[in-house]
Amino acid sequence: MSDKNTGTPYMSAELRTAIDLTDTTVDDSFDLKSWDMVVSLGLSRQLTTGQALLELAGAGHDEIVVCTADLGRPTQVANFGRQYPERYFNFGIAERNMIGAAAGLATTGFTPVISNYSFFLALMGVENIRNDICYPNLPVKLVGTHSGIAMGFYGTSHHCCEDIGALRTMANLTLLAPCDGNAILAALKSTITHPGPIYYRVGRGRETPVYDSPPEWHIGGSRRLREGDDITVLATGNLVAAALQAREILARERIGLRVVDMYSLRPLDRQAVRDAVEDHGVVVSAEEHNVTGGFGAAVAEVMAEEGLGGRLVKIGMPDSYSILGPPTHLYRHYGLDGEGVARRVREALQQ
Amino acid sequence: MSRPVQNTPREEIREKARMIRREVVRLTDICGSGHYGSAFSIAELLSVLYYQLLNVRPQEPDWPDRDRFTMGKGHAAIGLYPVLADLGYFPREDLDNYTRLGSPLGDHPDMRKVKGADFSSGSIGHNLSVSVGMALGLKLKRSPARVVCMMGDGEQTEGQIWEAAISGAHWKLDNLIGLVDINGAGSDGDPQQTMRTEPLADKWRAFGWEVIVLKDGHDLQQTFEALNRALNEPRDRPCCVLAYTVAGKGVSFMEGTWQWHLGFLGPTDRERAYAEIEASRIG
C-alpha cells in the first residue's frame, strides 16, 4: 500500500505532478490501478489545441471562438472554455448543427475553431463542411482529433481513415497534419489568421513527440527532419515518428533513410516529392489513412503529372475496414510503427 | 431587440408582392424551369419583411448591424432576387441574366456572388444552424441586429432543424426568428402526407421557442402583426412564426397544388398568369 503514489501504468509519479488532476475523483483510497476520465485525459499531452488557443487569445486574438460537440474535455479545449466562457460554445452531440453555426459565427467576424473527433467532424459533417464552410470560403478552423486508428478498440466506427480522401477534394480548404503537440502549436499559431477554412488532422494526444519546440511552419511546406542516402520516406501525422524509428533500425543495416514531415497535405509540397524522386528514385509515402485516395495518392498524382518517373510504395491502411484492438497493437498489426516502416523500406529497396 | 418599423402603405406592399410574382414568371422563362409555387407562397412574407421590418442598408451590404435573412428553402430565392434588385443591392438588369452561364443568380442563392444574400443555401435544413451561429455572434458583438431564417414546411423533417432549435433555446437567442412557410407543397406532394410534422406549434413550443401562428400569410395586416411581434417584442427566447400560406398563391391554376412546386409556363399560359397577377389584390 505504501507505493500508491509511485505509479500505475496511468499514474507514474512524474505524470502525477505534470498533469492537472484538480477534478479527479481518484484519491489515495483507490486501488493503484484505478483511473477516471481526468487521469486518462491528462495523458493526451500532445493535444495542445487548448493551449495554443489560450496563448493566441492571450495575445489579443479576441476573434477566436471555440466550438465543440460534447468533446471539449477529450479534445483538450475545455481549458479555453474555463478562461473564456463567453467565447466557448458546446453544442452537445449535434455535429452538423455545430458546423453550420460555426459558419454563421464566421459571418459576424469571428474565427471559430471547432475541436472534435475527426470521424464525427470530417465524415459525419462532410456535407456541412462542404456547403456551409468551404463553398462560402469562411475562415473556420477545424481540428479533427483521434484520426486514423487512434480510437483502437472503441471500434472501427470511430476510426477515421477516409478524411484526407474526402476533404482533399474540397475547393478552398487547406489540409494540415501536425504530428505532435509542438506541431499543433506551430500550426494553429501560424495559420489562425488565414482567410479561408483549414482542417487540422491530429491524433489522440499520446503520440511520440517529434519536435522539441514549435517548428517553423507554413501552408504548402514540409520539413526534412533527417538526411539519408538511399531512400526517402514522405510521412504525415503519426507516421513521422514511426519513420524516425525506422531510420534508427535501418541505420544499423547501413540503409540511409531520409525522413520528411509532410505536414501540409493540401497544398502539397511538390518540391519535396521532386527531390525524393530525383535523389533516390524510390519514394515511400506513409500515412495513417486508407492508401486509396489519401496522402500517398496525392504524392502519386504529383509523380504522374510531372512525369517524374520513379516508384512509389504507399504505407497506410489497406482498402478495407480496420480491425479493432489496443492502438499500439493495431499500429504493429498494420505495420504503421517503426518496425513496419523499416520492413516496407527494405522490401522497396530489394525490388 | 426592437428596431424601427417602416409605415409603408398597404397598396405599396401589395404592388411589391405583385412585382415579386411577375418577376418570378419572367425569370423562370429565362431558364425554362422554376419554383413558382414556393416563391408565390412567400411574396407577402418577403414584402412585409423587406419593406417594413428588416433594418438593412442596400448601399452598405456588409453593414455589421444589418438584420440578417437566411433561407432554408433556398429554392425560393427567385422570389428574393427581385426584392434585392428593387432595394438597390444590384442593378435590375442583373436579373435578366438569371441562371445564364456564369450568372451570380441561380436557383439557390450564393452569398459570395449575390449582394444582399446573407448566406448561401441549397442543403435543406442547414440554415437554421447557420442562423444560430449568426445570432450568437451578433450577441457577442452587442449588435442590435436580428436574424430571420425562413424555412419550408417540408424542411421540418430535417433532423438538423431540431438540433438548431435545441441550441437556439439553450442560448436564449432572443435575436433569432424562425419563419416556417407552411405552403403544403413539396416535391412529392403535401409534406404532411409525405411525413407528418404537425402539430408544429406544440413541437416548437416544446423545444423552448415562443410560437406565433400566422393563420394567413397572405393577409398583410395579420402578416405585419405576426412578424412585427416576432421581431420587436421583447422575450427571453427565440421565436418561431408558423406562417400558413398557399402554394402558388396569386395564379388560380397553381394555388394549393403541389404540381406547380416546380414547372414552366408556355407563352399563352404565361400571359394568363401575368393577367391574374396584375388583377390581384392580395392582402
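Everything quoted here is computed from the prediction, not taken from an experiment.

**Q** Please explain the overall build of chain B as it appears in this structure.
**A** Scanning chain B for helices and strands turns up 10 helices and 5 strands. Taking 283 residues into account, the globule formula puts the C-alpha radius of gyration at 19 Å, and chain B, at 17 Å, falls close to it. Projected onto its principal axes, the C-alpha positions of chain B cover 50 × 45 × 35 Å. A separation of at least 24 residues holds for 77% of the contacts in chain B among residues at least 6 apart in sequence.

**Q** Whenever I open this one, the sheet that holds strand 9 (residues 257-261) of chain A confuses me. Can you help?
**A** One key point about sheets: their strands pair by backbone hydrogen bonds, in either a parallel or an antiparallel sense. Residue and element names in this part refer to chain A. The 5 strands are arranged 7-9-8-11-12 in an open sheet whose pairing can be described as mixed. The open sheet is flanked by strand 7 (223-226) and strand 12 (311-317), the only strands paired with a single partner. Sheet twist, expressed as the average angle between the axes of neighbouring strands with direction ignored, equals 25°. Of the strand pairs in this sheet, strand 8 (residues 231-235) and strand 11 (residues 282-290) are connected by 4 bridges, and their pairing is parallel. Note on strand 11: the bridge partner recorded for Thr 232 is Val 283. Sheet contacts for helix 10 (residues 238-251): strand 7, strand 8, strand 9, strand 11 and strand 12; angle to strand 9, the most-contacted strand, approximately 165°.

**Q** Explain the nonpolar core to me, please; I cannot follow it from the model alone.
**A** Looking at soluble globular proteins, one finds that nonpolar side chains tend to be buried together. Grouped together as the largest cluster of nonpolar side chains are 184 residues, with contacts concentrated most on A:Leu234, A:Ala243 and B:Val241. For this core, the element with the highest residue contribution is helix 10 of chain A, accounting for 8 residues. Here this core gathers at least three residues from each of two domains, domain 2 (49-201) and domain 3 (223-350) of chain A. Look past the residues within four positions of A:Leu234 in its chain and what remains in contact with it is A:Val260, A:Met262, A:Ala272, A:Val273, A:Ala276, A:Val283, A:Val284, A:Ser285 and A:Val299.

**Q** Explain the pairing of strand 1 (residues 64-68) of chain A to me, please; I cannot follow it from the model alone.
**A** The side chains of a regular strand alternate between both faces of the sheet. Residue and element names in this part refer to chain A. Of all 5 residues in strand 1, 5 are buried; the element is thus mostly enclosed. Residues Ile 64, Val 66 and Thr 68 of strand 1 are buried on one face, and the alternating residues Val 65 and Cys 67, pointing to the opposite face, are buried as well. Pairing geometry for strand 1 and strand 3 (residues 111-117), over 4 bridges, is parallel. Considered in strand 3, the bridge of Val 65 is made with Pro 112. Tracing the backbone out of strand 1, into helix 4 (residues 78-83) and back to the parallel element strand 2 (residues 88-90) gives a crossover that is right-handed.

**Q** Quick question: what am I supposed to make of the environment of A:Leu188 here?
**A** Residue and element names in this part refer to chain A. Among the secondary structure elements, Leu 188 is positioned in helix 9 (residues 181-191). Along the primary structure Leu 188 and Val 39 are separated by 149 residues, whereas in three dimensions their C-alpha atoms are 26 Å apart. Sequence-distant contacts of Leu 188, defined by excluding residues within four places in its chain, comprise Thr 49, Ala 52, Leu 53 and Leu 56.

**Q** Looking at this structure, I do not really get the interface of chain A and chain B. What am I missing?
**A** Interface size is often expressed as the accessible area that is lost when the parts come together. The partner chain B presents 22 residues to the 23 residues of chain A that form the contact. When residues of the side of chain A that touches chain B are traced back to their parent elements, those giving at least two are helix 5 (95-107) and helix 7 (126-134) of chain A.

**Q** Would you take a moment to explain the confidence of the model for chain B for this structure?
**A** Should pLDDT be low for a region, the predicted coordinates there are not to be read in detail. Averaged over every residue, the pLDDT of chain B is 97; residues scoring 70 or more account for 100%. In the model output, the complex is listed with pTM 0.94 alongside ipTM 0.93.

**Q** Sorry, what's going on with helix 9 (residues 220-232) of chain B here?
**A** Residues lying three or four places apart along an α-helix face the same way, a consequence of the helix completing one turn every 3.6 residues. Across its 13 residues, helix 9 of chain B extends 17 Å between first and last C-alpha, which sits within 8% of the 18 Å expected from 1.5 Å per residue. For helix 9 of chain B, the secondary structure elements touched by its buried residues are helix 1 (10-31), helix 3 (43-53), strand 3 (176-182), strand 4 (210-214) and strand 5 (239-244) of chain B.

**Q** Help me out: how do you make sense of the packing of helix 10 of chain A against helix 14 (residues 338-350) of chain A in this one?
**A** If you want to describe how two helices pack, look at the angle between their axes and the distance between the axes. Residues and elements named next belong to chain A. Remark: helix 10 packs on helix 14, axes separated minimally by 7 Å, with the N-to-C direction vectors making an angle of 60°. You can see that helix 10 and helix 14 cross each other, and the crossing is right-handed. Here Ala 242, Ala 243, Gln 245, Ala 246, Ile 249 and Leu 250 of helix 10 lie close against helix 14, whose contacting residues are Gly 338, Glu 339, Val 341, Ala 342 and Val 345. For the contact of helix 10 with helix 14, a count of residues per class yields 8 nonpolar, 2 polar and 1 charged.

**Q** Sorry if this is basic, but what is going on with the confidence of the model for chain A here?
**A** With 97% of its residues at a pLDDT of 70 or more, chain A shows a mean pLDDT of 94. Confidence drops under a pLDDT of 50 for residues 1-8 of chain A, and excluding neighbours within four residues, the segment shows 9 contacts in the predicted structure.

**Q** I would appreciate a short explanation of the sheet that holds strand 1 (residues 68-71) of chain B in the present structure.
**A** All names here are of chain B. Taking strand neighbours across the sheet as the criterion, the 5 strands line up as 1-2-3-5-4 in an open arrangement whose pairing is parallel. Every interior strand has two partners, whereas the edge strands, strand 1 and strand 4, have only one. When the angles between neighbouring strand axes are averaged without regard to direction, this sheet yields 20°. Note that strand 3 and strand 5 share 6 bridges and pair parallel. Paired with Ile 182 across the strands is Tyr 244, a residue of strand 5.

Cut-offs applied
- Residues numbered from 1 in each chain as written.
- Chains lettered and ligands numbered in written order.
- Predicted model: local features only at pLDDT ≥ 70, side-chain atom pairs only at ≥ 80, totals over all residues.
- Helix = DSSP H or I, 4+ residues; strand = E, 2+ residues; numbered from the N terminus.
- Rg over C-alpha atoms; globule rule 2.2 N^0.38 Å.
- Contact = placed C-beta atoms within 7 Å.
- Pairing = 2+ DSSP bridges.
- Axes fitted to C-alpha atoms, helices over the stretch in contact; angles between N-to-C directions.
- Core = buried A, V, L, I, M, F, W, Y, C linked by C-beta atoms within 7 Å.
- Buried ≥ 20, exposed ≤ 12 C-beta atoms within 10 Å, placed from the backbone.
- Domains from an automatic or database assignment.
- Right-handed = clockwise from strand over helix to strand, strands pointing away.
- pLDDT = per-residue confidence, 0-100.
- Expected span 1.5 Å × (residues − 1).
- Left-handed = near helix turned anticlockwise from the far one by under 90°.
- Nonpolar A, V, L, I, M, F, W, Y, C, P; charged D, E, K, R; others polar.

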